[in-house]
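# Observations on chain architecture
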Amino acid sequence: MKAADTAWRHTLAKKPPVVTAPAAPTRLGVRKTYKLFIGGKFPRSESGRTYLVNGDNVALASRKDARDAVVAARAAQPKWAGATAYNRGQVLYRIAEMLESRRDEFAAQGVPVAEVEAAVDRWVWYAGWADKIAQVHGGANPVAGPFFNISAPEPTGVVAVVAPASFLGLVSVIAPAIVTGNTVVVLAAGPQAAVTLAEVLATSDVPGGVVNILTGNAAETAPWLASHDDVNAIDLAGVTDLDLATELERAAAGNLKRVLRPGDPENDFAGDPGLKPMVALLETKTVWHPKGF
Amino acid sequence: MTATLDLRASLHGLPGVDKVGVEARAAALATRSVKTTAKAAAIDLAIRMVDLTTLEGADTPGKVRALAAKALRPDPADSSCPHVGAVCVYPAMVPYVAEVLAGSGVHLASVATAFPSGQAPLDVKLADTRDAVAAGADEIDMVISRGAFLAGRYDHVFEEIVAVKQACGDAHLKVILETGELATYDNVRRASWLAMLAGADFIKTSTGKVPVAATLPVTLVMLEAVRDFRARTGRQVGVKPAGGIKTTKDAIKYLVMINETVGDDWLDPAWFRFGASSLLNDLLMQRTKLTTGHYAGPDYFTLD
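Residues numbered from 1 in each chain as written. Chains lettered and ligands numbered in written order. Predicted model: local features only at pLDDT ≥ 70, side-chain atom pairs only at ≥ 80, totals over all residues. Heavy atoms only, no water.

### Some points on the overall build of chain A
Looking only at helices and strands, chain A features 10 helices and 11 strands. In terms of overall size, chain A is more extended than a compact globule, its C-alpha atoms giving a radius of gyration of 27 Å where 293 residues would be expected to give roughly 19 Å. Referenced to the eigenvectors of the C-alpha coordinate spread, the extents of chain A come out at roughly 125 × 45 × 40 Å. A fraction of 78% describes how many contacts in chain A between residues 6 or more apart in sequence connect residues 24 or more apart. Surface accessibility of chain A: about 15,400 Å² in total, with carbon and sulfur atoms responsible for 57%. Taking the average place of the 29 positive charges on the side chains of chain A and the average place of its 29 negative ones, the gap between the two points comes to 11 Å. (Helix = DSSP H or I, 4+ residues; strand = E, 2+ residues; numbered from the N terminus. Rg over C-alpha atoms; globule rule 2.2 N^0.38 Å. Contact = heavy atoms within 4.5 Å. Areas by Shrake-Rupley, 256 points an atom, 1.4 Å probe, with all protein chains shown as cover. Lys, Arg positive; Asp, Glu negative; His and termini not counted. Charge placed at Lys NZ, Arg CZ, Asp CG, Glu CD.)

Set out below in structure tokens:
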């Protein structure tokens, strides 16, 4: 059959339609979800929950995330405590270097530049203490009998920290705990700055698990840490609700945890911290060694 | 000779194991979530099923006595915690454990027959077994000669098991197949049937001395074997996975698998055991979490 006998026609219009080039696609920015920092990794919450903070998605930690963080902190503790004090000092100094180079990120999150700089200085200050605290806080004791008697400070172990809201406050509770060889599980108050700090730590040769950072509701997770038998001390620096502080202290008594009570809520952490934050998380071991006449 | 041919024919007449199927089935059963009261019941059952084991060259009388004391009273802080199923040690350590366990209801298992390799003459293996029983063991964990099995000398393996069973007297005989060395699920099924036909009271996966120990799919194949064996002969045989089961989560996966494969009859320490050492600490920590409402720490349980 010839084409002409059919209804077949060219469908093309005489004048082809004007084809406009597609508009240049506008780039979609990658929206960040602020995740937890556990064992050197950035997992989402086990519960799958998130919450909004200033328009950002932030992981909402559950009790099981706290449990995982304690496992990671416990696993990392012996090796971190066993590293030389000089080495820990170098790692803390490295944190200061990395934080210095990422000042702008914190500024973009609303942390005043002066506060970030104070935080950098705080890391440097504690880095210097790493190989000096044992001499200053420890001692050689005069005893009767042919013995050397030495008081040697040792880290207490895994420390849970309810961090204060300010960024400098956050650094001021983490640094004194880890410099002596403790590992920490931190319940952070200002999530974005805390997770950005976690990114600094993750790129600073801090072994995974030495610092673990959880974001979310401290009133939900802190009681699980306070009652946890494998946590050696709890620092309540950031607890503002005194009833909660009392409840946490009571729970902590279950395994005789060392408790650091909430300090002055007006404290801006700008002053000289002194030895107290470090010394509070040290145990003193007394060693008798025969002189051997 | 006819018996040999019959044995070979019947073992090779067993249907082959669908490798992909059995692994998928085991993986599917491992996804069940067991919570609250069911979890508490599962933990207590798992504790009662533990064969608390130490099989080290460095075992001393003091160490095995401490282990036996732990078997009797796993959680000293909680008298409602059940005791474990058995203590499993080398024959030389049996007398020390027997003193502690006497009259307690905790069984005393001993490995025998040139554990873990099984590469010794038969009379040595039988003497090993008799000594362990005489010293007080009421359960004997024997290893099969994998070399003979893999070479196809099924009659040799069969007769060894029969002879050891006879040497055991009243003691229960657990036959270790060492599935990590048997290479295929088909071999695991054949070895299971071989052991059961020869009179095993229990079939056990592994010695714990080779890299691949108990796995869920291997245990599933063995559970199917004991189920089919009972359907065929009316005799019930127990199963004991051993090695590599370290957490409560793992243990509960096995319990789920028993329930779904062979049913309630095997959910009992008389018919199912876990060969393990560190598993018990994790079970105790999980149990403490459930009873106290807060997380437990390893500092509060004895290390072994």
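### Observations regarding the interface of chain A and chain B
Contact residues are listed per partner, giving 9 residues for chain A and 9 residues for chain B. Taking both partners together, chain A and chain B bury about 890 Å²; carbon and sulfur atoms supply 52% of that area. Between chain A and chain B we count 0 salt bridges in total. For the side of chain A that touches chain B, the element with the most residues is helix H1 (residues 63-82) of chain A, which contributes 3 residues. In the side of chain A that touches chain B, the residues fall into 1 nonpolar, 3 polar and 5 charged. (Buried area = accessible area lost by both parts, 1.4 Å probe. Salt bridge = Lys/Arg side-chain N within 4 Å of Asp/Glu carboxyl O. Nonpolar A, V, L, I, M, F, W, Y, C, P; charged D, E, K, R; others polar.)

### Observations concerning the pairing of strand S7 (residues 183-188) of chain A
All names here are of chain A. With 6 of its 6 residues buried, S7 lies for the most part within the structure. Because side chains alternate across S7, one face comprises the buried residues Thr 183, Val 185 and Leu 187, and the other comprises Val 184, Val 186 and Ala 188, equally buried. Strand direction decides the pairing type here: strand S6 (residues 158-162) and S7, joined by 5 bridges, are parallel. Counterpart to Val 162 in the pairing with S7 is Leu 187. In terms of handedness, the path from S7 via helix H7 (residues 191-202) over to strand S8 (residues 211-215) forms a crossover that is right-handed. (Buried < 20%, exposed > 50% of the residue type's maximum accessible area, 1.4 Å probe, protein only. Pairing = 2+ DSSP bridges. Right-handed = clockwise from strand over helix to strand, strands pointing away.)

### Here's the deal with the sheet that holds strand S2 (residues 50-53) of chain A
Residues and elements named next belong to chain A. Taken together, the 3 strands give an open sheet; going across it, the order is S1-S3-S2, and neighbouring strands pair in mixed fashion. Looking at the sheet topology across the chains shown, the edges are occupied by strand S1 (33-34) and S2. Note: S2 against strand S3 (residues 56-59), 4 bridges, orientation antiparallel. Bridged to Thr 50 within S3 is Ala 59.

### Some details on the layout of surface pockets
Here the largest pocket defines a volume of roughly 1,100 Å³. If you go around the largest pocket, you meet 38 residues; those closest to its centre are Arg 67 of chain A together with Lys 39, Lys 249, Asp 282 and Gln 286 of chain B. Looking at the lining of the largest pocket, the elements with two or more residues in it are H1 of chain A together with helix H3 (36-49), helix H11 (248-261) and helix H12 (278-292) of chain B. Counting residues per element, the lining of the largest pocket draws most heavily on H1 of chain A, which supplies 8 residues. Considering only residue class, the lining of the largest pocket consists of 13 nonpolar, 10 polar and 15 charged. The calculated volume of the second largest pocket comes to roughly 880 Å³. Lining the second largest pocket are 39 residues, and of these Pro 164, Ala 237, Gly 238, Gly 263 and Phe 269 of chain A lie nearest its centre. Element by element, the count of residues in the lining of the second largest pocket is highest for helix H6 (residues 167-179) of chain A, at 3 residues. Its residues assigned to classes, the lining of the second largest pocket comprises 25 nonpolar, 8 polar and 6 charged. (1 Å grid on protein atoms, 1.4 Å probe; cavity = no way out; pocket = protein on both sides within 12 Å on 5 of 7 lines; lining within 4 Å. Points joined across faces, edges and corners; volume = space filled by probe spheres on them.)

None of the figures reported here should be taken as evidence of function without further support.
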